[in-house]
Amino acid sequence: MPTPPPRQFDFGQNWLEFSQQALSSEKIAAAVREFKRLHENVPLAGRTFLDIGFGQGLSLLSAHQAGARVVGCDINPKCAEALAVTQAQFSTAAAITPPLVVGSVLDRAVIERLRAASPAGDGWYDIVHSWGVLHHTGDMRTAVAHAASLVRPGGHFVLALYNRHWSSRPWLWVKWLYVHSPRWLQKTLIAVCSPIIYLAKWLVTGRSPRHQQRGMDFYYNVIDWVGGYPYEYESVNETVSRMADLGFVPLKTVTAEVPTGCNEFVFLRRA
């Protein structure tokens with residue numbers, strides 16, 4: 001018998017509630033600034049851009065605003081609803097109706113659908129972007145390889161993955177417990193972990209965790225973090241080495257601000 005898929009956190013619902021309850025013009029402006037920072041040396045105007053795991057849509061809309069021809073992919077259909085809510089506040093993107101593919105990047109049929117959706121009509125993308133997503137698929141190595149296979153030779157792969165730390169294993173247990181728990185216990189886990197995460201981030205960064213990067217929100221980030229299962233992680237060196245085997249060279253690396261946060265990368269695919 002085939003192995004059943006792992007129970008998954010409902011990221012789509014969390015993003016939808018974030019867009020409905022917490023999104024603001026200030027958060028959108030912060031998200032656009034961080035998007036520009038990460039992509040400062042990646043040409044976007046007129047280029048094809050695929051966002052794998054587009055979530056609430058802030059990166060997808062930021063790429064469109066920069067002049068890219070965008071396509072979105074997410075496993076959770078609720079993210080299309082979240083994107084619509086975000087777009088209503090993202091005034092410069094009012095006219096966009098991007099192609100959206102619903103499905104798992106682990107599924108080869110989904111990869112072929114993404115090739116068919118390429119705005120260039122050749123099955124490639126100039127930029128493939130996946131921020132904080134592929135470590136939640138249940139098979140991170142395959143997910144990264146499948147996503148990387150869509151990058152045009154000479155194109156860019158913009159990636160963020162959770163960093164390996166001694167506390168990663170205990171957090172894996174917390175996340176597993178969350179998705180296998182009744183609603184009342186999930187709420188208890190959020191209530192218990194919120195002050196711990198708040199204090200830890202304040203001690204490490206020296207600033208209030210209420211001031212989130214990338215236009216995010218502390219409360220919804222805590223839910224995402226505590227419940228975010230499946231969950232995998234790896235060090236910067238592990239990521240760079242594996243991407244080299246796939247034919248990519250690192251152009252930019254931003255190490256995680258907190259020990260279990262995301263390392264950010266911009267890779268170039270060898271021509």
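Read on for an overview of the structure. (Residues numbered from 1 in each chain as written. Predicted model: local features only at pLDDT ≥ 70, side-chain atom pairs only at ≥ 80, totals over all residues. Heavy atoms only, no water.)

Moving on: the overall build of the chain. Helix and strand counts for the chain come out as ten helices and seven strands. In terms of overall dimensions, the chain is globule-like: its C-alpha atoms have a radius of gyration of 18 Å, near the 18 Å expected for 271 residues. Across its three principal directions, the C-alpha atoms of the chain cover 50 × 45 × 40 Å. Scored against the burial criterion, the 271 residues of the chain give a buried share of 54%. Long-range pairs, those at least 24 residues apart, make up 74% of the contacts in the chain with a sequence separation of at least 6. Split by element, the accessible area of the chain, about 12,500 Å² in all, is 57% carbon and sulfur. Considering the chain, the positive charge centre built from 26 side chains and the negative charge centre built from 21 side chains are found 2 Å apart. (Helix = DSSP H or I, 4+ residues; strand = E, 2+ residues; numbered from the N terminus. Rg over C-alpha atoms; globule rule 2.2 N^0.38 Å. Buried < 20%, exposed > 50% of the residue type's maximum accessible area, 1.4 Å probe, protein only. Contact = heavy atoms within 4.5 Å. Areas by Shrake-Rupley, 256 points an atom, 1.4 Å probe, with all protein chains shown as cover. Lys, Arg positive; Asp, Glu negative; His and termini not counted. Charge placed at Lys NZ, Arg CZ, Asp CG, Glu CD.)

Following tyrosine 229, the chain continues into proline 230 via a peptide bond in cis, with omega recorded as 5°. Turning to its location among the elements, proline 230 is positioned in the loop between α9 (218-227) and α10 (236-245).

Moving on: a nonpolar patch on the surface. Among the surface-exposed residues, Leu199, Leu203 and Val204 lie close enough to one another that they form a single nonpolar patch of about 310 Å² accessible area. In this structure, valine 204 sits in helix α8 (residues 183-205). (Patch = residues over 30% accessible without salt bridge, like charges linked within 9 Å, V, L, I, M, F, W, Y side chains within 5 Å. Salt bridge = Lys/Arg side-chain N within 4 Å of Asp/Glu carboxyl O.)

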